Amino acid sequence: MEELTAKLRQQLANDGILVRSFAEMRRQLDVLINGVVGSLWGLLAIGFFVGGVAVSNTLMLNVLEQTRELGLLRIIGMTPGQVRRLVFCESLLLGLLGALLGTLGGLTTAVVIHWCNEPVLGRAVPLELHGWLVAANAGGCLIIAVLAAWRPGVWAARLNVLAAIAQD
């Protein structure tokens, strides 16, 4: 078998044809697929990071816009801890909404891609839904939303009450 492979390689090399065994092709394909899967996991991590920064900036902007109201709440007796919890609750609601809409959007996109597979590829590819992955993404979204609320929550709790109510 080795002699035949060597002969074929030598004879076809002059014509620019590459001879490979199925095992070599399979190894090369596995390396390529593993690279794509690794890239997709990296893209997911980048998406979580960008989402966390966006939620934090949105909450910070919300706190800055509510500076006067937060100051008034502090004057009538709200403690700094309660202000921090208020910002965390806003973040949690934002995270829940984002997780719900993101999950619906992701599932819809997966179904549309599945429907397009057969016309594009010429064969059906089975749609596999992993509940643990959907739950992990939704849970990660909520965790990031709560973590993103830390900076705005601390800032709102340390707000100077007199400066806050004097702000226009």
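Caption draft 1: Examining helix 6 (residues 150-157) more closely. Taken residue by residue, helix 6 has Pro152, Gly153, Val154, Ala156 and Ala157 as its buried positions. Of the surrounding secondary structure, the elements contacted by the buried residues of helix 6 are helix 2 (22-65), helix 3 (67-75), helix 4 (80-121) and helix 5 (131-148).

Caption draft 2: View of the pattern of salt bridges. According to the stated counting rule, one finds one salt bridge in the structure shown. Among the salt bridges present, the one from Arg26 reaches Asp30, with a minimum N-O distance of 3.5 Å. One end of the pair, Arg26, and the other, Asp30, are both in helix 2, four residues apart, so they sit about a helical turn from each other.

Caption draft 3: Structural view of the state of the cysteines. Within the structure shown, the criterion is met by zero disulfides. Between Cys89, a cysteine without a disulfide, and Cys141, which holds the nearest cysteine sulfur, the sulfur-to-sulfur distance is 16 Å. Cys89 gets classed as partly exposed once you look at its relative accessible area, which sits at 46%.

Caption draft 4: Broad picture of the nonpolar core. Counting twelve residues, the largest nonpolar core consists of Val55, Leu59, Val63, Leu70, Val83, Val87, Ala145, Ala148, Ala149, Ala156, Leu159 and Ala164. Excluding anything up to four places from it in sequence, Ala145 contacts Val55, Ser91 and Gly95.

Caption draft 5: Broad picture of helix 3. Regarding helix 3, the residues found buried are Thr67, Leu70 and Gly71. Across the axial projection of helix 3, the buried residues extend over an arc of 100 degrees, all falling on one side. Looking at the packing, one finds that the buried side of helix 3 touches helix 2, helix 4, helix 6 and helix 7 (161-166).

Caption draft 6: Representation of the packing of aromatic side chains in the model. Scanning the entire structure with this criterion turns up one aromatic pair. Ring plane angle 40 degrees and centroid distance 6.1 Å describe the contact between Phe88 and Trp150, whose orientation is recorded as tilted. Here Phe88, found in helix 4, pairs with Trp150, found in helix 6; they are 62 residues apart in sequence, far enough to count as distant. Since its relative accessible area comes to 54%, Trp150 is described here as exposed.

Caption draft 7: Fine view of the packing of helix 5 against helix 6. Close contact between helix 5 and helix 6 brings their axes to 5 Å; oriented N to C, the two are set at 30 degrees. Looking at the two axes, helix 5 sits roughly parallel to helix 6. Here Val146, Leu147 and Ala148 of helix 5 lie close against helix 6, whose contacting residues are Trp150, Arg151 and Pro152. For the contact of helix 5 with helix 6, a count of residues per class yields five nonpolar, no polar and one charged.

Caption draft 8: Here's a closer look at the side chain of Asn117. Tracing the backbone through its elements, the reader meets Asn117 in helix 4. Take Asn117: its relative accessible area is 18%, and that puts it in the buried class.

Caption draft 9: Representation of a nonpolar patch on the surface within the structure. On the surface, a cluster of nonpolar side chains totalling about 710 Å² of accessible area is made up of Leu29, Leu32, Ile33, Val37, Trp41, Leu44 and Trp132. The topology assignment puts Trp41 in helix 2. Trp41 gets classed as partly exposed once you look at its relative accessible area, which sits at 47%.

The rules behind the values
By convention here, each chain's residues receive numbers from 1 onward along its written sequence. Side-chain atom pairs in this predicted model are given and counted only at pLDDT of 80 or more, local residue features only at pLDDT of at least 70, and totals for whole chains, interfaces and linings cover all residues. Side-chain figures throughout are based on the complete set of non-hydrogen atoms in the structure, without hydrogens or water. When accessible area is computed with a 1.4 Å probe and restricted to protein chains, residues below 20% of their type maximum are described as buried, those above 50% as exposed, and intermediate ones as partly exposed. In this description a helix means any DSSP run of H or I spanning at least four residues, a strand means any run of E spanning at least two, and both kinds are numbered starting from the N terminus. Contacts are assigned to residue pairs with any non-hydrogen atoms lying within 4.5 Å of each other. We define a salt bridge as a contact between a side-chain nitrogen of Lys or Arg and a carboxyl oxygen of Asp or Glu at a distance within 4 Å. Cysteine sulfur atoms are paired as a disulfide whenever they come within 2.5 Å of each other. Residues belong to a common nonpolar core when they are buried Ala, Val, Leu, Ile, Met, Phe, Trp, Tyr or Cys residues joined through side-chain atoms within 4.5 Å. This arc corresponds to the set of directions leading from the helix axis out to the C-beta atoms. Each Phe, Tyr or Trp ring, with Trp reduced to its six-membered ring, pairs with another whose centre is within 6.5 Å; inter-plane angles below 30 degrees give stacked pairs, above 60 give edge-to-face pairs, and intermediate values give tilted ones. To obtain each axis, a line is fitted to C-alpha atoms, and for helices this fit is confined to the stretch in contact; angles are then taken between N-to-C directions over 0 to 180 degrees. Our angle categories are set so that under 35 degrees counts as roughly parallel, over 145 as roughly antiparallel, 65 to 115 as roughly perpendicular, and the remainder as oblique. Residue type decides the class: Asp, Glu, Lys and Arg count as charged, Ala, Val, Leu, Ile, Met, Phe, Trp, Tyr, Cys and Pro as nonpolar, and the leftover types, Gly among them, as polar. Patches here: salt-bridge-free residues with over 30% relative accessible area, like charges joined within 9 Å, nonpolar side chains (Val, Leu, Ile, Met, Phe, Trp, Tyr) joined within 5 Å. Accessibility throughout is a Shrake-Rupley quantity obtained with a 1.4 Å probe, and a residue counts as covered only by protein chains that appear here.

Remember, this is a structural readout, not a statement about activity or role.
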